[in-house]
Amino acid sequence: MFDISGKQITVGGIVLALLILFPLVVTSPFGQHVAIITFMFAMCGVAWNLMGGYAGMFSFGQVAFFGIGAYASSFLLVTFNVSPWIGLMVGGVISAMLAASIGYPCSNLRGHYFAIATIAFAEIIRIVFNNWKLVGAAEGITVPMLKESVGNFMFHSSKLPYYYIILAFLLIAVAVCYWVSSSKMGYYFRAIKESHDIAHVLGVDVVRYRLYSIMISAFLTSMAGTFYAQYILYIDPESVMIMPISVQIVLVAMLGGANTVLGPVIGAAILIPLSEYSRAWLGYKGTGVDMIVYGTLITIISMYQPNGVWGSITYLLRRGK
Amino acid sequence: MSSLLLDVQGVSKYFGGLQANEDVSFQVNKGEIVSIIGPNGAGKSTLFSCITGFHRLDKGQVFFKGQDITNRKPHAIGKLGVVRTFQIAQVISDMTVLENVMTGGFLKHSRVPEVRKRAGEVLSFTGLFEKRHRNALSLSISDKKRLEVSMALAMEPELLMLDESMAGLTPVELREMIELIRKVRQRGVTVVVVEHVMEAVMELSDRVVVLNSGRKIVEGPPKEVVANPEVIRAYLGERYHAARQ
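Residues numbered from 1 in each chain as written. Chains lettered and ligands numbered in written order. Predicted model: local features only at pLDDT ≥ 70, side-chain atom pairs only at ≥ 80, totals over all residues. Heavy atoms only, no water.

(A) The overall build of chain B, seen in detail. A tally of regular secondary structure across chain B gives 10 helices and 10 strands. Radius of gyration (C-alpha) of chain B: 18 Å, near the 18 Å computed for a compact globule of 245 residues. Counting only C-alpha atoms, chain B reaches 60 × 40 × 35 Å along its principal axes. Classification of the 245 residues of chain B by burial places 53% in the buried group. Residue pairs at least 24 apart in sequence account for 64% of intrachain contacts in chain B once pairs closer than 6 positions are excluded. Total accessible area computed for chain B in this model is approximately 10,600 Å², and 51% of it derives from carbon and sulfur atoms. (Helix = DSSP H or I, 4+ residues; strand = E, 2+ residues; numbered from the N terminus. Rg over C-alpha atoms; globule rule 2.2 N^0.38 Å. Buried < 20%, exposed > 50% of the residue type's maximum accessible area, 1.4 Å probe, protein only. Contact = heavy atoms within 4.5 Å. Areas by Shrake-Rupley, 256 points an atom, 1.4 Å probe, with all protein chains shown as cover.)

Right under this line is the structure:
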């Protein structure tokens with residue numbers, strides 16, 4: 001299942017080439033924006049999948065790590081003039097450590113109870129940031145304009161660099177997920193998902209491996225948060241710490257196919273353009289028609305593809321053999 | 001007593017007011033097959049859980065190869081070489097048979113190709129190799145129990161503790177399981193079983209430990225134990241015992 005065949009390398013290479021060429025063909029800023037946001041959510045979905053899909057820890061609080069990633073780099077840049085690239089790493093480390101410190105006392109929580117804890121955690125983080133004067137409280141942080149360069153992680157004349165950076169981030173996330181899922185850690189995550197008892201029997205240090213899963217997931221999600229801050233150049237709790245982002249991340253992973261490396265990427269490729277275009281075409285009337293269309297499509301996919309889109313594709317491919 | 005492997009001393013476990021185990025002691029020597037029997041609710045599975053770190057002891061101590069393993073975490077005890085199975089066969093449902101066994105194999109080895117190779121060897125040993133690519137959930141009850149034993153063996157234990165591996169098997173499957181446990185012992189693995197199927201107990205065990213209401217009442221060779229009046233009383237009741245007198 002996890003062996004790469006020559007055919008897969010060929011297909012992967014072609015897809016990657018198409019993704020690299022995509023913004024050169026689709027030159028409209030909105031088209032490129034949709035692709036960027038899609039990659040960003042794909043990355044978050046892949047990160048969520050390491051926890052939710054493989055290790056069975058359903059998190060509805062991923063936005064906390066996303067937000068911390070956004071805030072860490074922005075705050076360091078505004079206050080200490082630290083490069084966003086260093087902010088990216090600092091944010092990742094803070095997120096991972098926070099994830100561990102909240103994950104440890106939640107070591108025995110499973111299923112719904114774990115999910116509830118993650119919601120509470122993310123809400124607490126949002127409320128703290130909403131009131132924390134040092135990081136701008138409810139007003140948020142405006143990222144100062146710098147000269148555009150890769151070193152400054154900032155570009156004004158074109159979205160292309162952002163596109164390639166987030167594509168690279170996504171590839172890193174996919175590579176990490178692939179490596180984890182096909183190594184000892186991946187097997188242990190799946191044992192933990194089945195039940196703590198069986199994991200214990202198999203000699204798995206459940207507490208430790210759960211923390212690994214949460215920390216890797218938090219780090220990757222935090223990277224996406226820093227990217228978002230550098231891309232939009234303005235953040236506040238209402239844009240980077242709200243529940244709907246967490247839900248979107250779960251949806252992307254679940255609809256694409258949890259428990260598979262590429263499922264969340266497929267999920268994002270379907271859901272995010274759907275959400276962005278329905279909002280662009282139908283949202284302006286202010287009647288919520290876009291949300292109705294979007295919600296209907298999610299319902300249809302969940303009803304007919306309960307294993308996720310990618311799950312169904314691999315099933316069909318295997319049957320075809 | 002030079003080959004003493006497992007030494008259980010005065011183990012007590014209470015669930016609230018219920019005493020599940022009360023001052024239970026027994027020893028297992030290297031290479032033995034020891035059965036723990038007793039009526040339902042005698043505390044057999046609880047004793048298993050106490051030895052393997054799934055329950056915290058309230059009193060007593062457990063030594064493995066002279067090392068104190070009392071109240072250690074299950075994974076740490078597993079790493080030392082004590083591995084258990086559960087009464088209801090537990091397998092990882094979204095994995096193939098091979099992947100299930102591999103998950104156990106990661107305890108002592110970390111490289112995937114090596115773990116896969118060893119898992120294949122274990123499956124050949126237990127007779128599941130042909131079914132290695134099947135989903136674990138699609139197996140019959142007897143194959144699932146066999147898989148559980150395979151997963152445990154992949155962890156390369158010195159002491160294997162099987163919780164009712166014979167329950168619910170057909171006579172033919174029962175024979176195969178008895179054979180498998182014999183083969184396991186031949187590989188140098190010491191075995192402790194909790195068992196209700198007396199046919200298997202009589203045939204396999206070197207020694208039998210009988211529990212009743214959480215206490216050890218008798219210990220000895222299987223033939224002696226089943227003739228023991230205390231055991232008959234525990235299993236068949238006071239009246240039956242009196243009638244036989």
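(B) Highlighting the pairing of strand 3 (residues 33-37) of chain B. Residues and elements named next belong to chain B. In terms of burial, strand 3 is largely enclosed, as 5 of its 5 residues are buried. Side chains Ile33, Ser35 and Ile37 project from strand 3 onto one buried face, and the interleaved Val34 and Ile36 project onto a second face that is buried too. With 4 bridges connecting them, strand 3 and strand 8 (residues 190-194) associate as parallel partners. Note that in strand 8 the partner of isoleucine 36 across the bridge is valine 194. By the bridge criterion, 4 bridges tie strand 3 to strand 9 (residues 207-212) in an arrangement that is parallel. Counted as the bridge partner of valine 34 is arginine 207 from strand 9. (Pairing = 2+ DSSP bridges.)

(C) A look at the confidence of the model for chain A. For chain A, the mean per-residue pLDDT works out to 89, and 96% of the residues sit at or above 70. Averaged pLDDT values for the elements of chain A fall to 75 in helix 14 (residues 309-320) of chain A and rise to 96 in helix 9 (residues 206-232) of chain A. (pLDDT = per-residue confidence, 0-100.)

(D) Here's a closer look at the interface of chain A and chain B. With 22 residues of chain A at the contact, the number on the chain B side is 23 residues. Three residues, Tyr187, Val201 and Leu202 of chain A, lead the burial of chain A against chain B; their summed loss comes to 32% of the area buried on that side. The interface formed by chain A and chain B includes 2 salt bridges. Between aspartate 94 of chain B and lysine 193 of chain A there is a salt bridge; the shortest N-O distance is 4.0 Å. At the level of elements, helix 7 (184-194) and helix 8 (196-201) of chain A are the ones that each hand at least two residues to the side of chain A that touches chain B. For the side of chain A that touches chain B, the element with the most residues is helix 7 of chain A, which contributes 7 residues. When grouped by side-chain class, the residues that make up the side of chain A that touches chain B number 9 nonpolar, 6 polar and 7 charged. (Buried area = accessible area lost by both parts, 1.4 Å probe. Salt bridge = Lys/Arg side-chain N within 4 Å of Asp/Glu carboxyl O. Nonpolar A, V, L, I, M, F, W, Y, C, P; charged D, E, K, R; others polar.)

(E) Just helix 4 (residues 84-103) of chain A, in detail. Residues and elements named next belong to chain A. Here helix 4 spans 27 Å end to end across 20 residues, near enough to the 28 Å set by a 1.5 Å rise per residue. Considered for burial, the residues of helix 4 that qualify are Pro84, Gly87, Leu88, Gly91, Gly92, Ser95, Ala96, Ala99, Ala100 and Gly103. Looking at the buried side of helix 4, the elements it contacts are helix 3 (62-80), helix 6 (160-181) and helix 9. (Expected span 1.5 Å × (residues − 1).)

(F) Quick peek at the sheet that holds strand 6 (residues 82-84) of chain B. All names here are of chain B. Within the open sheet, the 6 strands sit side by side as 6-7-8-3-9-10. Their pairing is mixed. Since the sheet does not close on itself, it has two edges, and those belong to strand 6 and strand 10 (215-220), each with one partner. With direction set aside, neighbouring strand axes in the sheet form an average angle of 15°. Where helix 1 (residues 44-51) meets the sheet, it contacts strand 3, strand 6, strand 7 (159-163), strand 8 and strand 9, and its direction lies at approximately 150° from that of strand 7. (Axes fitted to C-alpha atoms, helices over the stretch in contact; angles between N-to-C directions.)

(G) Representation of the side chain of lysine 44 of chain B in the model. Residues and elements named next belong to chain B. Checked against the element boundaries, lysine 44 lands in helix 1. Side-chain polar atoms of lysine 44 contact the backbone oxygen of proline 39, separated by 3.3 Å. Here lysine 44 is in contact with Ile36, Ile37, Gly38, Pro39, Val194, His196 and Leu211, once residues within four sequence places are set aside. (Polar contact = N/O pair within 3.5 Å; in protein donor to acceptor, adjacent residues only side chain to side chain.)

(H) Structural detail: empty space enclosed by the protein. All names here are of chain A. Evaluated as defined, the whole model comprises 3 cavities of 30 Å³ or more. Volume-wise, the largest cavity comes out at about 120 Å³. What lines the largest cavity is a set of 14 residues, and nearest its centre among them are Phe65, Ile102, Phe114, Thr118 and Phe121. When contributions to the lining of the largest cavity are tallied by element, the ones reaching two or more residues are helix 3, helix 4 and helix 5 (111-131). When residues of the lining of the largest cavity are assigned to their parent elements, the largest contribution, 4 residues, is made by helix 5. The volume enclosed by the second largest cavity comes to roughly 60 Å³. (1 Å grid on protein atoms, 1.4 Å probe; cavity = no way out; pocket = protein on both sides within 12 Å on 5 of 7 lines; lining within 4 Å. Points joined across faces, edges and corners; volume = space filled by probe spheres on them.)

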